[in-house]
Amino acid sequence: MDHHNTIKTPHFSHITPEDLDHIYEPSEDSFLLIDALEKDLDLIRAICPAVCLEVGSGSGVVITALATALGPRCCYLATDINLRACRITQETGQANDVSVNAINTDLVDGVRSPVDVLIFNPPYVVTPSEEVGRGDLEHTWAGGELGREVMDRLFPRVSELLSSKGVFYLVVLKENRPQEVAELLALQGFSCTTLLSRTTGPEKLSVLRFTRNR
Ligand SMILES: C[S@@+](CC[C@H](N)C(=O)[O-])C[C@H]1O[C@@H](n2cnc3c(N)ncnc32)[C@H](O)[C@@H]1O
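No experiment lies behind these values; they were computed from the predicted model shown.

Rules used in this analysis
Residues numbered from 1 in each chain as written. Predicted model: local features only at pLDDT ≥ 70, side-chain atom pairs only at ≥ 80, totals over all residues. Heavy atoms only, no water. Near = heavy atom within 4 Å. Polar contact = N/O pair within 3.5 Å; in protein donor to acceptor, adjacent residues only side chain to side chain. Areas by Shrake-Rupley, 256 points an atom, 1.4 Å probe, with all protein chains shown as cover. 1 Å grid on protein atoms, 1.4 Å probe; cavity = no way out; pocket = protein on both sides within 12 Å on 5 of 7 lines; lining within 4 Å. Sits in = over half its atoms within 2 Å of the grid points. Nonpolar A, V, L, I, M, F, W, Y, C, P; charged D, E, K, R; others polar. Points joined across faces, edges and corners; volume = space filled by probe spheres on them. Helix = DSSP H or I, 4+ residues; strand = E, 2+ residues; numbered from the N terminus. Axes fitted to C-alpha atoms, helices over the stretch in contact; angles between N-to-C directions. Parallel < 35°, antiparallel > 145°, perpendicular 65-115°, else oblique. Left-handed = near helix turned anticlockwise from the far one by under 90°. Contact = heavy atoms within 4.5 Å.

Q: Tell me about the site of the ligand, and name the residues and values.
A: In the neighbourhood of the ligand, 19 residues make up the surrounding shell, with Ser30, Glu54, Asp80, Asp106 and Leu107 lying closest. Here a nitrogen atom of the ligand sits 2.7 Å away from a polar atom, N or O, in the side chain of Glu54. Within the contact set of the ligand, a nitrogen atom lies 2.8 Å away from a backbone nitrogen or oxygen of Leu107. Coverage of the ligand by the protein amounts to 98% of the 590 Å² it exposes when considered alone. For the ligand, the cavity whose grid points lie within 2 Å of the majority of its atoms is the largest pocket. For the shell around the ligand, a count of residues per class yields seven nonpolar, eight polar and four charged.

Given below as structure tokens:
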């Protein structure tokens, strides 16, 4: 096996059952996203990223996995609306010998551009709007109408945030209408590729990759 092009699943045994009452447990979607990043490692390396940012990092396994694969000399940032998730993200980095800086904020507020690799596994479940942002665990899954209420707030900010060579990875559910999401970002000059899709139980999940049109 070519270890250069594989991503190790990070250790996360420091996360306690009590933590999991407040933060998102690494799940199928987290691992699908790590698999998608692994599939795209050559492309990511080719842009020589200086800043990688994961929005809504939860346990931190995804940004830590990327940091482990790419190594130092890059700034790894994470944000989460949940302070405990930020703390655990930093711990996950430490437990895997990488440095991840977690910021407790809404989406990308306070983050300086340019970002070269932007990652988001958003709360994507279709729920009543009132459930969005109701508490720590609702933050992890409740996506409101079409499951899009949180991710839709990020889209208008992607173009100003990403560097010219930047790439954006997004997890979506079929119910989120990926084609419509692609059209929204096309208005900002991005083209969309479906990198990976997986059906787990009732969920059909995909990881989309957006890059600027040349
Ligand atoms: C589906 S979980 C993904 C967690 C982790 N990235 C993973 O893949 O395992 C969504 C994460 O987004 C965070 N989140 C929800 N709304 C947010 C917002 N407005 N700004 C920042 N983070 C948010 C949640 O707290 C949660 O950690």
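Anyway, onward from the coordinates.
Q: Could you give me a rundown of the layout of surface pockets, with the residues and numbers involved?
A: Taken as a whole, the largest pocket encloses approximately 530 Å³ of empty space. What lines the largest pocket is a set of 40 residues, among which Gly56, Asn121, Pro123, His139 and Thr140 lie closest to the centre. Going through the elements one at a time, α1 (28-39), β1 (51-55), α3 (61-70), β2 (75-80) and α5 (136-141) are the ones with two or more residues in the lining of the largest pocket. Ranked by the residues each element gives to the lining of the largest pocket, the list is headed by α5, at five residues. Classifying every residue of the lining of the largest pocket gives 18 nonpolar, 13 polar and nine charged.

Q: How would you summarise the packing of helix α6 (residues 151-161) against helix α7 (residues 178-186) if you had to cite specific residues and measurements?
A: When two helices pack together, their arrangement is given by the angle between the helix axes and the distance between those axes. For the pair α6 and α7, interaxial distance at closest approach is 10 Å and the crossing angle is 30°. With respect to α7, the axis of α6 lies roughly parallel. Our pair here, α6 against α7, has a crossing hand that is right-handed. Of the residues in α7, those touching α6 at Asp152, Phe155 and Val158 are Val181, Leu184 and Leu185. Its residues assigned to classes, the contact of α6 with α7 comprises five nonpolar, no polar and one charged.

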